[in-house]
Amino acid sequence: QAIADFTKAIEINPNDSQVYNDRAVSYFFEKDYDKSWQDVYKAKELGKDVHPGFLKELKKASGRNN
């Protein structure tokens, strides 16, 4: 349900970097790492400093380094 709520929030305000960050975390817990990375990139593009600990865990879980 959280992902659906974050998606609706993004529809309302597509420039809210925090919502992209929060949805990235939700995707991470769903093991949907590609979508998590997409939201991380968007959050960063909008100026969000994504928590380094989260990025470390996402890199480890997804096997990606970007």
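Just so you know, these numbers come straight off a predicted model, no measurement behind them.

1. Topic: the packing of helix α3 (residues 33-45) against helix α4 (residues 52-62)
Right, so step 1: Relative orientation of the contacting elements α3 and α4 amounts to 150°, with a least axis distance of 10 Å. Here α4 runs roughly antiparallel to α3, going by the angle between their axes. Crossing of α3 over α4 shows left-handed handedness. Residue-level contacts link Tyr 33, Ser 36, Trp 37, Val 40 and Lys 44 of α3 to Phe 54, Leu 55, Leu 58, Lys 59, Ala 61 and Ser 62 of α4.
Right, so step 2: Across the contact of α3 with α4, the residue classes break down as 7 nonpolar, 2 polar and 2 charged.

2. A short note on α3
Right, so step 1: Between its first and last C-alpha atoms α3 spans 18 Å; for 13 residues at 1.5 Å apiece the expected length is 18 Å, and the two agree.
Right, so step 2: Of all the positions in α3, only Tyr 33, Ser 36, Trp 37, Asp 39, Val 40 and Ala 43 are classed as buried. With its buried residues spanning 165° around the axis, α3 presents them on a single face. Turned more than 90 degrees from where α3 packs its buried face, Gln 38 and Glu 45 sit exposed.
Right, so step 3: Among the structural elements, α2 (17-29) and α4 are those in contact with the buried residues of α3.
Right, so step 4: Following α3 by one or two positions, Gly 47 adopts a phi angle in the positive range, close to 100°.

3. Structural notes on the packing of helix α1 (residues 2-12) against α2
Right, so step 1: The N-to-C vectors of α1 and α2 enclose an angle of 155°; their axes lie 9 Å apart at closest approach. As the angle between them shows, α1 and α2 are arranged roughly antiparallel. Of the two elements, α1 crosses α2, and the hand of that crossing is left-handed. Along its contact with α1, which presents Ala 2, Ile 3, Phe 6, Thr 7, Ala 9 and Ile 10, the element α2 presents Val 19, Tyr 20, Asp 22, Arg 23, Ser 26 and Tyr 27.
Right, so step 2: Of the residues in the contact of α1 with α2, the class split is 8 nonpolar, 2 polar and 2 charged.

Basis of the calculations
- Residues numbered from 1 in each chain as written.
- Predicted model: local features only at pLDDT ≥ 70, side-chain atom pairs only at ≥ 80, totals over all residues.
- Heavy atoms only, no water.
- Axes fitted to C-alpha atoms, helices over the stretch in contact; angles between N-to-C directions.
- Helix = DSSP H or I, 4+ residues; strand = E, 2+ residues; numbered from the N terminus.
- Parallel < 35°, antiparallel > 145°, perpendicular 65-115°, else oblique.
- Left-handed = near helix turned anticlockwise from the far one by under 90°.
- Contact = heavy atoms within 4.5 Å.
- Nonpolar A, V, L, I, M, F, W, Y, C, P; charged D, E, K, R; others polar.
- Expected span 1.5 Å × (residues − 1).
- Buried < 20%, exposed > 50% of the residue type's maximum accessible area, 1.4 Å probe, protein only.
- Arc of directions from axis to C-beta.

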